[in-house]
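Structural description and commentary
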Amino acid sequence: WILARGVSLRLAWLQTVTVVGFTVVLVASDPMIWVHPFGVLSKNVPFLALVWSAWMLESGGDLSKMRWVLLGGIAFIWLHEGIVPKILFQQAYEREVVARTGLVPMDPSRFLYWLGGAQAFSGILLLALRGNALRIVLSAQLIALMALPILVSLWEPDLWFHPFGPMTKNVPIVVATWILLKEEERSCFSS
């Protein structure tokens with residue numbers, strides 16, 4: 001439908017209601033799924049930000065509002081994934097994946113704590129920075145969004161086939177980050 005007709009207001013609402021309903025049902029049945037270390041449900045937020053941004057773009061909406069919707073969705077995932085599963089609710093599963101990689105020369109729990117802090121800080125920077133500084137943060141996040149899934153999937157390839165798509169849900173996050181990076185480059189070079 002999207003490929004044939006674009007994103008209509010009706011479709012944006014249908015996707016929102018479906019995703020929010022699905023998320024609420026799953027969190028109600030298993031609250032710990034909200035803190036899954038690979039963001040099986042929290043990655044729905046940037047997906048919805050991308051849906052609404054696409055609708056805004058197609059409907060001729062305000063591009064600055066679209067930019068803030070995308071920034072908010074992307075900042076949310078970096079803040080949430082940094083603070084919730086890595087600092088507040090570390091899980092043995094993620095610590096085991098880190099340990100099995102053999103790439104981390106310290107205690108996996110400590111590594112996840114520091115990684116979570118860096119992720120949360122990058123989410124804050126998204127909302128605070130502009131211009132070249134924001135482009136640097138977006139570029140670093142884009143690299144991380146491509147490198148981390150590859151590294152994780154070397155030790156946990158089944159995550160690509162997980163029913164809630166923790167790896168495939170990185171695609172809308174990569175797309176939104178790329179859009180923001182290109183928009184920031186365009187505005188930097190045009191001024």
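For the structure itself, consult the block above.
Residues numbered from 1 in each chain as written. Predicted model: local features only at pLDDT ≥ 70, side-chain atom pairs only at ≥ 80, totals over all residues. Heavy atoms only, no water.

Regarding its fold elements, the protein presents 8 helices and 0 strands. Its helices and strands taken in sequence order, the protein reads α-α-α-α-α-α-α-α from the N to the C terminus. Its C-alpha radius of gyration of 17 Å places the protein within 12% of the 16 Å reference for a compact globule of 191 residues. The dimensions of the protein, computed from C-alpha atoms along their principal axes, are 50 × 40 × 25 Å. Split into buried and exposed, the 191 residues of the protein put 45% on the buried side. Here the contacts in the protein between residues at least 6 apart in sequence split such that 70% fall between residues at least 24 apart. If you sum the accessible surface of the protein, you get close to 10,300 Å²; carbon and sulfur atoms cover 72% of it. (Helix = DSSP H or I, 4+ residues; strand = E, 2+ residues; numbered from the N terminus. Rg over C-alpha atoms; globule rule 2.2 N^0.38 Å. Buried < 20%, exposed > 50% of the residue type's maximum accessible area, 1.4 Å probe, protein only. Contact = heavy atoms within 4.5 Å. Areas by Shrake-Rupley, 256 points an atom, 1.4 Å probe, with all protein chains shown as cover.)

A few words on the packing of aromatic side chains. Describing an aromatic ring pair means giving the distance of the ring centres and the angle of the ring planes. Applying the stated criterion across every chain, the model contains 6 aromatic pairs. With a centroid separation of 5.7 Å and 75° between ring planes, the pair formed by Trp 52 and Trp 55 is classed as edge-to-face. Of this pair, Trp 52 and Trp 55 are both found in helix 3 (residues 44-58), 3 residues apart, which corresponds to roughly one turn of the helix. Aromatic side chains Tyr 113 and Trp 114 sit 5.7 Å apart centroid to centroid with 85° between the ring planes, which places their arrangement in the edge-to-face category. Under the relative-accessibility criterion, Tyr 113 is labelled partly exposed at 43%. An aromatic cluster of at least three residues, connected via ring pairs, comprises Trp 13, Trp 52 and Trp 55. The ring of Trp 68 has Arg 67 sitting right over it, with the charged end atom 5.7 Å from the ring centre. (Phe/Tyr/Trp six-rings, centres within 6.5 Å; stacked < 30°, edge-to-face > 60°. Lys NZ or Arg CZ within 6 Å of the ring centre and 35° of its normal.)

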